[in-house]
Amino acid sequence: MRMKTSDEALAQAASDGDSEAFGLLVRRHYDRLFRLSWRLTGHKADAEDLTHDILAALPAKLRAFRADAKFTTWLYRVTLNAATDRARKAQRRSRAREGWGQDYTRRAAEAAETAEAQDWLTNAMRALPPELRETVALTLGEDLTQAQAAEVMELSEGTIAWRMSEVKRHLREMATEEAR
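What comes next is a walk through the structure.

What counts as what
Numbering of residues begins from 1 in every chain and follows the order in which that chain's sequence is written. Thresholds applied to this predicted model are a pLDDT of at least 70 for local features of residues and 80 or more for the giving and counting of side-chain atom pairs; totals over whole chains, interfaces and linings are not thresholded and use all residues. Hydrogens and water molecules were not included; the side-chain quantities draw on all heavy atoms of the structure. Pairing of aromatic side chains here covers Phe, Tyr and the six-membered ring of Trp, requires ring centres within 6.5 Å, and sorts the geometry by plane angle: under 30 degrees stacked, over 60 edge-to-face, intermediate tilted. Summary of the burial criterion: residues with accessible area below 20% of their type's maximum are buried, those above 50% are exposed, and those between are partly exposed, where the area comes from a 1.4 Å probe applied to protein chains only. Numbering goes from the N terminus for both helices and strands, where a helix is a DSSP run of H or I of at least four residues and a strand is a run of E of at least two. Interaxial angle, 0 to 180 degrees, is taken between N-to-C directions of lines fitted to C-alpha atoms, where a helix line uses only the stretch in contact. Each angle gets one of four labels, with under 35 degrees taken as roughly parallel, over 145 as roughly antiparallel, 65 to 115 as roughly perpendicular, and the rest as oblique. What makes two residues a contact is simply this: any of their non-hydrogen atoms within 4.5 Å. Note that Gly is not counted as nonpolar here; it falls among the polar residues with everything else outside the nonpolar set of Ala, Val, Leu, Ile, Met, Phe, Trp, Tyr, Cys and Pro and the charged set of Asp, Glu, Lys and Arg. We call a set of buried residues a nonpolar core when its members are Ala, Val, Leu, Ile, Met, Phe, Trp, Tyr or Cys and they connect through side-chain atoms within 4.5 Å of each other. Residue ranges assigned to the domains are those given by an automatic or database domain assignment. The span you would expect from a helix comes to 1.5 Å times its residue count less one. The quantity called bend is, for any residue, the angle between two axes fitted respectively to the seven residues ending at it and the seven beginning at it. None of His or the chain ends enter the tally, which takes Lys and Arg as positive and Asp and Glu as negative. For this analysis, a salt bridge means a side-chain nitrogen from Lys or Arg found within 4 Å of a carboxyl oxygen belonging to Asp or Glu.

Summed over the entire model, instances satisfying the criterion amount to five aromatic pairs. Taken together, a centroid distance of 5.2 Å and an interplanar angle of 65° make the contact between Phe-65 and Trp-74 edge-to-face. On the basis of relative accessible area, Phe-65 is assigned to the buried category, the value being 8%. Ring centres of Phe-71 and Trp-74 lie 5.6 Å apart, and the angle between their planes is 35°; on these two criteria the pair is classed as tilted. Of the two residues, Phe-71 and Trp-74 both sit in helix α4 (residues 71–117), three residues apart, roughly one turn of that helix. Grouping aromatic residues by their ring pairs yields a cluster made of Tyr-30, Phe-34 and Trp-38.

See the structure below:
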């Protein structure tokens, strides 16, 4: 019977301490959460870590969930925020540990290795600015409409449309440069 219960009702029950409701939410959304995490991080191991971190923090975060948005919209926002926070922390640790020059050299070597291991589109996604990459991850990767992506990212639908046109422009430029 609980399988037909809405995500929003399950989130409310989970925030009240219902472990069965929490487990059902996790089962329903784990794959979606992991897919988006992988698209945002670009690496399976990082996506697994990010997904684990989000799920570990989710019981506490559910207390702040307001059903004025769909649960999936809220979960996408939590994931985007967690990925951004994780990237910032990693960048700070990396700079502090290795210094600017060593960090640049390491990142360049990783980028070269990744370029050999992954297809052109994945490399193109990584070359996009973070806000464009997030937009593409939601609209194309998660198959959200521009209106849904706008809601998740707390932007106007026009901004999402502009970002998608920027993505196309970046991809055309990258293809032109490779063809030279």
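Having seen the model, we can carry on.
What follows covers the packing of helix α7 (residues 146–153) against helix α8 (residues 157–179). In the contact formed by α7 and α8, the axes pass within 8 Å of each other and the chain directions differ by 110°. It follows from the interaxial angle that α7 and α8 lie roughly perpendicular. For the pair α7 and α8, the contacting residues are Gln-146, Ala-147, Ala-149, Ala-150 and Met-153 in the first and Glu-157, Ile-160, Ala-161, Arg-163 and Met-164 in the second. When grouped by side-chain class, the residues that make up the contact of α7 with α8 number seven nonpolar, one polar and two charged.

One finds Leu-58, Leu-62, Phe-71, Trp-74, Leu-138 and Val-152 to be the most contacted residues of the largest nonpolar core, which totals 32 residues. Of all the elements in the fold, those that place two or more residues in this core are α1 (7–15), α2 (19–41), α3 (44–62), α4, α6 (130–141) and α7. Two domains each provide a minimum of three residues to this core, namely domain 1 (1–116) and domain 2 (118–179). Residues contacting Leu-138, with those up to four places away along its chain left out, are Leu-36, Tyr-76, Leu-80, Asp-143, Leu-144, Ala-149, Val-152 and Met-153.

Phi at Asp-143 takes a positive value of approximately 60°, unusual for a residue other than glycine. Summarising the element assignment, Asp-143 is placed in the loop between α6 and α7. The exposure class of Asp-143 is exposed, given its relative accessible area of 66%. A positive phi is found at Glu-154, a non-glycine position, where the angle reads about 55°. Mapped onto the elements, Glu-154 comes out in the loop between α7 and α8.

Another aspect to go through is α3. End to end, α3 covers 26 Å across 19 residues, agreeing with the expected 27 Å (1.5 Å per residue, within 8%). Of all bends in α3, the biggest is about 35°, found at Ala-56, and the proline Pro-59 comes one to four residues later. Among the residues of α3, Ala-47, Leu-50, Thr-51, Ile-54, Leu-55, Leu-58 and Leu-62 are the ones counted as buried.

You can see Glu-134 is positioned in helix α6. The side chain of Glu-134 is buried and forms no salt bridge, while Arg-163, the nearest opposite charge, is found at 5.1 Å. Dropping the residues within four chain positions of it, Glu-134 is found in contact with Leu-40, Leu-80, Thr-84 and Met-153.

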